[in-house]
Amino acid sequence: MSAHTPTAARTAFGIDIGGSGIKGAPVDLETGEFAAERVRIPTPQPATPGAVAETVVELVRRFDLPGDAPIGVTFPAVVQHGVARSAANVDVSWIGTNIEHVLGDALGRPVLAVNDADAAGYAETLYGAARSTSGVTFICTLGTGIGTAIVADGVLVPNLELGHLEIDGHDAETRASDAARDREDLDFEQWAERLQRYFGVIEDLFWPDLIVVGGGVSKHHEKFLPLLHLRAPIVPAQLRNAAGIVGAAALAARAGTPVAGVKGD
Ligand code: BGC
């Protein structure tokens, strides 16, 4: 088997479209692990729909995918029935674009497009930090923005956008994202105060049983999670930067093309 050949029919392909890189890998849906090594191609600039579609085609061509393998794509915006409805951290030309049509036409096969945090959150509940939790899990990614997802007993409500809650007169992600920490040169104690306020509001409104924190900064979780005092346990995400790819693949498999043995079905 070549490094880029997925194993069998229990595989779906996940693609993570981000501001700097477009990454993809086939995912073994039984284990949630990559079935072949991930490939990353820099995001074209400007990241217009046409340019991104070309990159996605190039990415998928690097793999020998079965014709019926479901393909899921994450996007850092509200994605309503395949259409990008916002562009908080991506090229505004995407707003109103049907991502599934643009990428599906370019690839010549169906594609499911989902919000990046929804994909990551779903992956954590299936295969990661929340896999053995029942009830309500709140998952967030702390990065350029704050991506959020709530999964209740395996059911994901898409596009919650709770990173944009207005707290103390501010869009929460402008104060509590990792980018805000960087921009304002906050140390972890100072940043933790903002996170305390943010997660405190989340708890008061949604009463999660578990909070999972992802995003690149979560690899330093021991520097800020112990400073938070919340009702629910708060834990680092486990799938790290694989979460988007894995979640997109799992959601695509679940949405359409029948794949035997998908966990959670
Ligand atoms: C966007 C969300 C996205 C999050 C993480 C926010 O600014 O509004 O749609 O999930 O950033 O990329």
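Residues numbered from 1 in each chain as written. Predicted model: local features only at pLDDT ≥ 70, side-chain atom pairs only at ≥ 80, totals over all residues. Heavy atoms only, no water.

An unreviewed UniProt entry annotates the protein chain as Polyphosphate glucokinase of Cellulomonas hominis. Taken from UniProt, the Sequence similarities (unreviewed entry) comment for the protein chain reads in full: "Belongs to the ROK (NagC/XylR) family." (UniProt positions renumbered as here; feature names shortened; annotations may be inferred.)

Draft legend 1. The arrangement of the overall build of the protein chain in detail. What the protein chain contains, in helices and strands, is seven helices and 15 strands. At 18 Å, the protein chain has a C-alpha radius of gyration in line with the 18 Å of a compact globule built from 265 residues. The dimensions of the protein chain, computed from C-alpha atoms along their principal axes, are 50 × 40 × 30 Å. Counting only residues that meet the buried cut, the protein chain has 55% of its 265 residues in that class. Of all intrachain contacts in the protein chain linking residues separated by at least 6 positions in sequence, the fraction that spans at least 24 positions is 63%. Charge centroids of the protein chain, computed over 20 positive and 33 negative side chains, lie 3 Å from each other. (Helix = DSSP H or I, 4+ residues; strand = E, 2+ residues; numbered from the N terminus. Rg over C-alpha atoms; globule rule 2.2 N^0.38 Å. Buried < 20%, exposed > 50% of the residue type's maximum accessible area, 1.4 Å probe, protein only. Contact = heavy atoms within 4.5 Å. Lys, Arg positive; Asp, Glu negative; His and termini not counted. Charge placed at Lys NZ, Arg CZ, Asp CG, Glu CD.)

Draft legend 2. Inspection of the site of the ligand at higher detail. The immediate surroundings of the ligand are formed by 13 residues, with Asn115, Asp116, Glu161, His164 and Glu173 found nearest. The contact in question runs from an oxygen atom of the ligand to an N or O atom on the side chain of Asn115, over 3.0 Å. Here an oxygen atom of the ligand and a side-chain polar atom of Glu173 are 2.8 Å apart. Within the complex, 94% of the 310 Å² of free accessible area of the ligand lies under protein. Along the lines of polarity and charge, the residues of the shell around the ligand split into six nonpolar, four polar and three charged. (Near = heavy atom within 4 Å. Polar contact = N/O pair within 3.5 Å; in protein donor to acceptor, adjacent residues only side chain to side chain. Areas by Shrake-Rupley, 256 points an atom, 1.4 Å probe, with all protein chains shown as cover. Nonpolar A, V, L, I, M, F, W, Y, C, P; charged D, E, K, R; others polar.)

Draft legend 3. Quick look at the domain arrangement of the protein chain. When cut into domains, the protein chain gives domain 1 (11–115 + 248–255) and domain 2 (129–237). Once you take the C-alpha centre of each, domain 1 and domain 2 turn out to be 25 Å apart. Listed as interface residues are nine residues of domain 1 and, on the opposing side, eight residues of domain 2. Of the roughly 530 Å² buried at the junction of domain 1 and domain 2 (both faces included), carbon and sulfur atoms supply 45%. Run the count over domain 1 and domain 2 and you get zero salt bridges. Connecting domain 1 to domain 2 are one residue pair in polar contact (both at pLDDT 80 or more). (Domains from an automatic or database assignment. Buried area = accessible area lost by both parts, 1.4 Å probe. Salt bridge = Lys/Arg side-chain N within 4 Å of Asp/Glu carboxyl O.)

Draft legend 4. Highlighting the packing of aromatic side chains. Evaluation of the coordinates by the stated rule reveals seven aromatic pairs. On the numbers, 6.2 Å between centres and 65 degrees between planes, the contact of Phe188 with Trp191 is edge-to-face. Placement of both Phe188 and Trp191 in helix H6 (residues 188–206) is noted, with a separation of three residues, approximately one turn of the helix. Across the pair, Trp191 and Phe188 agree in class, each one buried. A network of ring pairs unites the aromatic residues Phe138, Tyr198 and Phe199 as a single cluster. Here Arg181 stacks its cationic end above the ring of Trp191, 5.4 Å away from the centre of that ring. The ring of Trp207 carries Arg231 above its face, with NZ or CZ at 3.8 Å from the centroid. (Phe/Tyr/Trp six-rings, centres within 6.5 Å; stacked < 30°, edge-to-face > 60°. Lys NZ or Arg CZ within 6 Å of the ring centre and 35° of its normal.)

Draft legend 5. Looking closely at the nonpolar core. Ranked by internal contacts, the top residues of the largest apolar core, which has 30 residues, are Phe13, Ile15, Ile17, Val56, Phe75, Ile99 and Leu103. Residue assignment for this core shows that the elements contributing at least two residues are strand S1 (11–17), strand S4 (39–42), helix H1 (49–61), strand S5 (71–75) and helix H2 (99–107). Sort the elements by how many residues they give to this core and H1 lands first, with six residues. Ignoring sequence-local partners within four residues, the contact set of Leu103 consists of Ile17, Ala53, Val56, Val73 and Val111. Counting residues in each nonpolar core, the second largest holds 29 residues, with Leu126, Ala130, Ala237 and Ala253 among its members. (Core = buried A, V, L, I, M, F, W, Y, C linked by side-chain atoms within 4.5 Å.)

Draft legend 6. The arrangement of the pairing of S5 in detail. Along S5, five of the five residues are buried, which leaves the element largely enclosed by surrounding structure. Taken together, the four bridges between S1 and S5 define a ladder with parallel strand orientation. Across the sheet, residue Asp16 finds its bridge partner in S5, namely Thr74. In this sheet, strand S8 (residues 112–115) lies alongside S5 in parallel orientation, the contact comprising four bridges. Residue pairing in the sheet places Thr74 in a bridge with Val114 of S8. (Pairing = 2+ DSSP bridges.)

Draft legend 7. Quick peek at the pattern of salt bridges. Summed over the entire model, instances satisfying the criterion amount to six salt bridges. For the salt bridge of Asp168 with Arg197, the shortest nitrogen-to-oxygen distance reads 2.9 Å. Residue Asp168 is located in the loop between strand S12 (166–167) and strand S13 (170–171), and its partner Arg197 is located in helix H6; the two are separated by 29 residues in the primary sequence. Judged by its relative accessible area of 55%, Asp168 is exposed. The salt bridge partner of Glu184 is Arg194, with a shortest N-O separation of 2.8 Å. With a gap of ten residues between them, Glu184 in the loop between helix H5 (178–183) and H6 and Arg194 in helix H6 connect regions that are remote in the sequence. Judged by relative accessible area, which is 17%, Arg194 ranks as buried.

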